[in-house]
Amino acid sequence: MRRFRLIIPALTLVFFAQSGGAQSDPVTTAKRAAQMLDAAAVQLDAAKRSSDRVAALTQTVRAYEEGLSALREGLRRVAIRERAIAIDFEAKEDRLSRLLGILQSIGNSPAPLLMMHPTGPIGTARAGMILSDVTPALQQEALQLKTQLEEVSVLRSLQESAATQLVTALDNVQSARSTLAKAVADRVDLPERITADAQQMSALIASADTLQGFADGLLQLSSGPANPADFETAKGKLPLPASGTVLQNFNETDAQNIKRPGLTLALPSQSLVTAPWPATVRYAGPLLDYGSVVILEPGKGYLLILAGLGQTLTKEGQIIAQGDAIAMMGGNALNADAFLMNANKGGSGNRQESLYIELRQGNTPINPAEWFVVDRE
């Protein structure tokens, strides 16, 4: 590996664009992520001037999260590709060293000297025949070496530019989240369908000893008129409230030997959580040991429970549209160094928070995986 590091600056590298065949999927992925983050920055500027700041900022935060997720994946692939090239160099270290020596000696030898042989004209002819056979193989080996070195140069350049862009992107997404939270708090234009009886709600919270018991009691309280959107038509097509991957499936026992009638998703800290369907907010606030909880009524007789949240961005009785911001996950935001370090670990290295999703029809939990489009990474 040491010799591999010394070889790279010793050779003249041709700019990657001149050998388009060397372009790899990690490069494409990383460049696409950079473009997504640039577009999100433009979107953030527009959101600050939008007449509907909440909707615009919600879309901006989502755009940044998608861009950062793509960048994380791109950097992970870049690191894997660079390691693969390094391993290949290590495996061929001695042969590459001899190849470089041969190429150097051929390049430094005067032309007349190359045509002389100690045994005379016949030896010179034989040597020429051997050299004519060997030269194409040497050229092929040299071309492969050149291509790999060019690719390493581009991969490292991408890593450096990503690190610079990442600092700005992480600052911008935090600014967008803070601005969104304030815009939601200042918002007064959301219609309210129901006004929960404060005494009944307080009594229900005080008496609940399980999440399921609380949900059952909530169904007994007035919910107002039915949602005009037919929730049952959404089965199998609902977007997840946040971008994550499944940790625990419906009724699956977890590491603590606890079985829950819902899905548990792993996702990055401070991820934005949005409404997957138009709904009435039946509850929003802390509950038992579930952290902050939001319970939505997307259709008559249905309750969608989202637990393990950090900051809630809605309140009881509000009518919300599909895609509206309802909460943010907890946890600490990653700085650029931590982001880059975790990117090498893959998906699990960047998902520190757990979102619990439970869907109930009447008093019975039903499998959310049958309703949501689930990423099973």
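Residues numbered from 1 in each chain as written. Predicted model: local features only at pLDDT ≥ 70, side-chain atom pairs only at ≥ 80, totals over all residues. Heavy atoms only, no water.

**A few points about the sheet that holds strand S9 (residues 311-312)**
Read across the open sheet, the three strands follow the order S5-S11-S9; overall the sheet is antiparallel. In the strand order of this sheet, the two ends are held by strand S5 (272-274) and S9, each with one partner. Pairing geometry for S9 and strand S11 (residues 325-328), over two bridges, is antiparallel. Across the sheet, Gln311 pairs through a bridge with Met328, a residue of S11. Where helix H3 (residues 53-91) meets the sheet, its contacts fall on S5 and S11, and the angle it forms with S5 comes to roughly 125°. (Pairing = 2+ DSSP bridges. Helix = DSSP H or I, 4+ residues; strand = E, 2+ residues; numbered from the N terminus. Contact = heavy atoms within 4.5 Å. Axes fitted to C-alpha atoms, helices over the stretch in contact; angles between N-to-C directions.)

**Things to note about the pattern of salt bridges**
Side chains that carry opposite charge are capable of pairing whenever their charged atoms lie near each other. According to the stated counting rule, one finds 10 salt bridges in the structure shown. Of the charged contacts, one joins Arg360 and Glu358 as a salt bridge, the two residues approaching to 2.8 Å between their closest N and O atoms. Across the pair, Glu358 and Arg360 agree in class, each one buried. One network of salt bridges, with partners in common, ties together Arg62, Glu65 and Arg177. (Salt bridge = Lys/Arg side-chain N within 4 Å of Asp/Glu carboxyl O. Buried < 20%, exposed > 50% of the residue type's maximum accessible area, 1.4 Å probe, protein only.)

**Focus: the environment of Ala327**
Looking at the element boundaries, Ala327 is found in strand S11. Remark: the alpha-carbon pair of Ala327 and Val273, spanning 54 residues in sequence, is separated by 5.1 Å. Not counting residues up to four positions away in its chain, the partners in contact with Ala327 are Ser271, Leu272, Val273, Leu309, Gln311, Thr312 and Leu313.

**Description of helix H2 (residues 25-47)**
In this model H2 runs 32 Å from its N-terminal to its C-terminal C-alpha over 23 residues, within 8% of the 33 Å that 1.5 Å per residue would give. Along H2, the residues classified as buried are Pro26, Val27, Thr29, Ala30, Ala33, Leu37, Ala40, Leu44 and Ala47. (Expected span 1.5 Å × (residues − 1).)

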